[in-house]
Amino acid sequence: MALERHAPDPALAAWLDGLLAPAPPLQDLYAEMAEDEWAEMMTHPDLGRLLAVLVRATGGRRVLEVGTFVGTSAAWMAPALAAGGTIDTLEADPARAARAAAFLERAGLAGRVQVHTGPALETLPGLPDGAYDLCYLDADKTGYPAYLDHALRLVRPGGLIVADNVFGGGALGRPRGQDDARAAALRGYTERAMADPRLLTTILTVGDGVAVSAVR
Ligand SMILES: C[S@@+](CC[C@H](N)C(=O)[O-])C[C@H]1O[C@@H](n2cnc3c(N)ncnc32)[C@H](O)[C@@H]1O
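About the cut-offs
- Residues numbered from 1 in each chain as written.
- Predicted model: local features only at pLDDT ≥ 70, side-chain atom pairs only at ≥ 80, totals over all residues.
- Heavy atoms only, no water.
- Phe/Tyr/Trp six-rings, centres within 6.5 Å; stacked < 30°, edge-to-face > 60°.
- Helix = DSSP H or I, 4+ residues; strand = E, 2+ residues; numbered from the N terminus.
- Buried < 20%, exposed > 50% of the residue type's maximum accessible area, 1.4 Å probe, protein only.
- Lys NZ or Arg CZ within 6 Å of the ring centre and 35° of its normal.
- Near = heavy atom within 4 Å.
- Polar contact = N/O pair within 3.5 Å; in protein donor to acceptor, adjacent residues only side chain to side chain.
- Areas by Shrake-Rupley, 256 points an atom, 1.4 Å probe, with all protein chains shown as cover.
- 1 Å grid on protein atoms, 1.4 Å probe; cavity = no way out; pocket = protein on both sides within 12 Å on 5 of 7 lines; lining within 4 Å.
- Sits in = over half its atoms within 2 Å of the grid points.
- Axes fitted to C-alpha atoms, helices over the stretch in contact; angles between N-to-C directions.
- Parallel < 35°, antiparallel > 145°, perpendicular 65-115°, else oblique.
- Contact = heavy atoms within 4.5 Å.
- Nonpolar A, V, L, I, M, F, W, Y, C, P; charged D, E, K, R; others polar.

Peer 1: Residue-level account of the packing of aromatic side chains, with values.
Peer 2: A complete count under the given rule lists one aromatic pair for this structure. Ring centres of Tyr144 and Tyr189 lie 5.5 Å apart, and the angle between their planes is 70 degrees; this geometry places the pair in the edge-to-face category. Separated by 45 residues along the polypeptide, Tyr144 in helix H7 (residues 144–154) and Tyr189 in helix H8 (residues 181–195) bring together distant segments of the chain. Taking the relative accessible area as the measure of exposure, Tyr144 reaches 0% and is therefore buried. Accessibility expressed as a relative area gives 1% for Tyr189, which makes it buried. The positively charged end of Arg96 is found above the aromatic ring belonging to Trp38, 5.4 Å away from the centroid.

Structure (structure tokens):
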């Protein structure tokens, strides 16, 4: 029934996984990372594919990402860029930034993706106003409210701000009085994104929750 919200059953999930499975070089990156303790931070193919669609739909000239990790989501988005389009991706951890840069080089995407090493709040103020078609937020969750302030300045009218993990791993389903700092930041982000008159926002029940906001 159309008004129900439900997770796909295992057979449907397997069929979807087959349809969404990445090709090389992303396929190789997921395989290389399979045993890594932080592998679950990689953007899942269902969201990766969604990001690619949104990059293409918004023109794909300039994309901003906060939270590079090993470059998974950047590698999903890069092929969807327009000719000459670029991605600026921000990563605080120098080892992760170097690993992402090496992967992107190997994947032939280094010319389209620039990895900026350092805390995002040090890089964001130097980026140009209204220059971005899409901003994808996927770094430290307590930073989301501040990242939203920057994204509102950096994304052009008609562009999109996409934030991953807005369900906080399920924490947002608990009473707000039980929020820790991470849950409070995610709740604040999402409620503000829904209410801010400069944005038109919806929440997708993809993965751990994805907020998609159009900048008016
Ligand atoms: C969930 S992972 C990003 C996953 C990535 N989008 C992908 O698909 O592979 C979050 C990343 O944000 C980085 N991070 C955490 N705090 C940060 C900050 N203040 N500035 C920039 N990056 C940060 C972490 O080091 C981590 O690599």
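Peer 1: So, the site of the ligand: which residues are in play, and what are the values?
Peer 2: Around the ligand lies a shell of 21 residues, among which Thr43, Thr72, Ser73, Glu91 and Asp138 are the nearest. A distance of 2.7 Å separates an oxygen atom of the ligand from a polar side-chain atom of Thr72. The backbone of Ala92 places a nitrogen or oxygen atom 3.1 Å from a nitrogen atom of the ligand. Contact with the protein chains hides 88% of the accessible area of the ligand, taken as 600 Å² for the molecule alone. Taken atom by atom, the bulk of the ligand overlaps the largest pocket. Elements with a contribution of two residues or more to the shell around the ligand: helix H4 (72–77) and strand E2 (86–91).

Peer 1: Give a description of the packing of H7 against H8 that names residues and reports values.
Peer 2: The geometry of H7 relative to H8 is characterised by a closest axis approach of 8 Å and an angle of 30 degrees between their N-to-C directions. Judged on the interaxial angle alone, H8 and H7 are roughly parallel. Facing H7, whose interface residues are Tyr144, Pro145, Leu148, Asp149 and Leu152, H8 presents Ala185, Leu186, Tyr189 and Arg192. The class makeup of the residues in the contact of H7 with H8 is seven nonpolar, no polar and two charged.

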